[in-house]
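Secondary and tertiary structure notes
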Amino acid sequence: MSDLNDQRRRSGMRGFHISPSSYALLLLIAVYVAWGILFRFTHPPHGDAGALVRSTRRLLDGSLALYAERGSEWAAPPHGLSTGYPPLYAFLFAPFVAFSDATGRPDEFAERLIGLPMLLFDALAVWAFVRLIKRLFPEVKDLPLLVASALILFASGLVSASWVISHPEGMTICFLLLGLSYLPDRPTLAGFWLGMSLLSKQTALFALMPMGFALWQSAPRAVAYRVFGVAAVTVAVIFAPFILAHPHQAYYAFIVAETRREIGGANLWHFISYATHRTLPLSIYEPLRAVIIRSANGVLLLTALAASVIASRQPLRLHSARLYALIALSNVLLLILGKWVEQHYYALPLTLVVVWDVVRRRGGVPITAAVVLLLIRFGYLLPKPGIHPISSSLLFLTAVGCAVILAKDLRRET
């Protein structure tokens, strides 16, 4: 680890000089952001944007009832879903919603405007990715980083998250990669950014679990305690007021609604439900489906935890290719065992697949990640997943194949 730290100090921020590749990266990001802004202001806002704006207005009005929102009763009957994100999104969107309200614009304008910080965080996520690789692996060339950045921006699912649906996946990615880049030599900063990732979306937990195992095994205990402690305090300070003010709303949003959420998208539960619906009598199928809906999230969490425990039987080193493979695998399980999978759900797992492929190749173009991401994009060009068996099968089998490749990479230390 000391060799890694020495290499890091010698390299400094090398790679961020103004070079042709730096201009190419800036141009790539500028095209993404400009195109995203154009899309948001020329297409009708997605329904989720309205829910996020209404929740943000509660914060602006001095209320902590962020989780009073109810909607989409069909998705989690009988009462529907709440705004089931940790509260960081409301702080992020508040200045933009306040500006829209102060200028007397209609709700639709605010719903479009909240896309601007999301697009900014998408750009910062790519910056955090390049910073991570250049800081820890300075031997990686510029071309693989450009290819990887293009894949993250245009093929991972960020377009769906930020341009269309208004979900802050880019913020989660940005904070996770920032936190990783400070491990283990800046534990306070690492803990803060990793805590912020969990405050942006709870699915960050699936990346944090492998990091926690690696930190515990390969860093001094004082470093591990500081990272864990700062992350916990960061989450508690921001999240606790909303939970304490309205515990029943928070419990419903994060526990009850998620145990009632229906099955949707190309995941294992979709195929089990599809097969049993056509082969079993309704008297058996309906109770079985109810059990799946209630227990699917628990199965997902336990499987991801088991993957970390099994992988850590062979010690996990911080910033080894094995660790990045485990982080990516833990998140790809969200696509396989998560009972609700939409396009934007792919953004975090596929970005981490790109990071893993860049780390393990150390200078080569991330070909495996490119194939996986392009197959996923092709799957969404086919008839609607979850309805058409060809597109659903392609998406599911691609995720399973990716998980198999990642699991195989866990067998060897690099």
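Everything numeric here is computed off the predicted structure, so don't read it as measured data.

1. Quick notes on the packing of helix 6 (residues 115-136) against helix 9 (residues 169-181)
Between helix 6 and helix 9, whose axes approach to 8 Å, the crossing angle comes to 20 degrees. One element, helix 6, and the other, helix 9, form an angle in the roughly parallel class. In this structure, helix 6 crosses over helix 9, and the sense of that crossing is left-handed. Residues F121, D122, L124, A125, W127, A128, F129, R131, L132 and R135 of helix 6 form the contact with helix 9, whose own contacting residues are G170, M171, I173, C174, F175, L177, L178, L180 and S181. Residue classes in the contact of helix 6 with helix 9 are distributed as 14 nonpolar, 2 polar and 3 charged.

2. A word on unusual backbone geometry
Following P77, the chain continues into P78 via a peptide bond in cis, with omega recorded as 5 degrees. Looking at the secondary structure, you find P78 in the loop between helix 3 (47-60) and helix 4 (88-102). Residue P184 is bonded to the preceding L183 through a cis peptide linkage, with omega at -5 degrees. Structurally, P184 is set in the loop between helix 9 and helix 10 (187-200). In this structure, S72 takes a positive phi of about 50 degrees despite not being glycine. By the element assignment, S72 lies in the loop between helix 3 and helix 4. The phi angle at H319 is positive, at roughly 65 degrees, despite the residue not being glycine.

3. What to know about the pattern of salt bridges
In the structure shown here, the tally under the stated rule is 13 salt bridges. Between D107 and R57 there is a salt bridge, with the nearest N and O atoms lying 2.9 Å from each other. Placement of the pair is D107 in helix 5 (residues 107-113) and R57 in helix 3, with a sequence separation of 50 residues. Among the residues examined, D107 registers a relative accessible area of 41% and is labelled partly exposed.

4. Observations concerning the packing of aromatic side chains
Using the criterion set out here, one finds 20 aromatic pairs in the structure. With centroids separated by 5.5 Å and ring planes inclined at 70 degrees, the aromatic side chains of F239 and F254 adopt a geometry described as edge-to-face. With a gap of 15 residues between them, F239 in helix 12 (residues 221-245) and F254 in helix 13 (residues 247-260) connect regions that are remote in the sequence. You can call F239 buried: its relative accessible area is 13%.

5. Observations regarding helix 4
End to end, helix 4 covers 22 Å across 15 residues, agreeing with the expected 21 Å (1.5 Å per residue, within 8%). Along helix 4, the sharpest kink reaches roughly 45 degrees, centred on A94 and followed within four residues by the proline P95. For helix 4, the elements touching its buried residues are helix 3, helix 5, helix 6, helix 9 and helix 10. Following helix 4 by one or two positions, G104 has its phi on the positive side, about 70 degrees.

6. Digging into the side chain of K201
Mapped onto the elements of the fold, K201 is located in the loop between helix 10 and helix 11 (205-218). Beyond its immediate stretch of four places on either side in the chain, K201 contacts Y85, P86, E169 and T172.

7. Details of the packing of helix 2 (residues 20-40) against helix 7 (residues 142-155)
The interhelical angle for the contact between helix 2 and helix 7, taken along N-to-C directions, is 5 degrees, at an axis separation of 10 Å. Between helix 2 and helix 7, the crossing angle belongs to the class labelled roughly parallel. When helix 2 is examined against helix 7, the residues S21, A24, L25, L28, I29, V31, Y32 and W35 are found in contact with a partner set consisting of D142, L146, S149, A150, L153 and F154. Of the residues that constitute the contact of helix 2 with helix 7, the class distribution is 11 nonpolar, 2 polar and 1 charged.

8. Examining the side chain of T56
Secondary-structure assignment places T56 in helix 3. Relative accessible area serves as the criterion here: at 0%, T56 is assigned to the buried category. At 2.8 Å, the side chain of T56 and the backbone oxygen of L52 are in polar contact.

9. Here we look at helix 7
Relative to the 20 Å expected for 14 residues at 1.5 Å per residue, helix 7 spans 19 Å between its end C-alpha atoms, a close match to the ideal helical length. All buried positions along helix 7 are accounted for by P144, L145, A148, S149, L151, I152, L153 and A155. Of the residues one or two after helix 7, G157 is the one with positive phi, at around 125 degrees.

Thresholds applied
Residues numbered from 1 in each chain as written. Predicted model: local features only at pLDDT ≥ 70, side-chain atom pairs only at ≥ 80, totals over all residues. Heavy atoms only, no water. Axes fitted to C-alpha atoms, helices over the stretch in contact; angles between N-to-C directions. Helix = DSSP H or I, 4+ residues; strand = E, 2+ residues; numbered from the N terminus. Parallel < 35°, antiparallel > 145°, perpendicular 65-115°, else oblique. Left-handed = near helix turned anticlockwise from the far one by under 90°. Contact = heavy atoms within 4.5 Å. Nonpolar A, V, L, I, M, F, W, Y, C, P; charged D, E, K, R; others polar. Salt bridge = Lys/Arg side-chain N within 4 Å of Asp/Glu carboxyl O. Buried < 20%, exposed > 50% of the residue type's maximum accessible area, 1.4 Å probe, protein only. Phe/Tyr/Trp six-rings, centres within 6.5 Å; stacked < 30°, edge-to-face > 60°. Expected span 1.5 Å × (residues − 1). Bend = angle between axes of the 7 residues up to and from the residue. Polar contact = N/O pair within 3.5 Å; in protein donor to acceptor, adjacent residues only side chain to side chain.

By themselves, these are just geometric observations and shouldn't be taken as functional.
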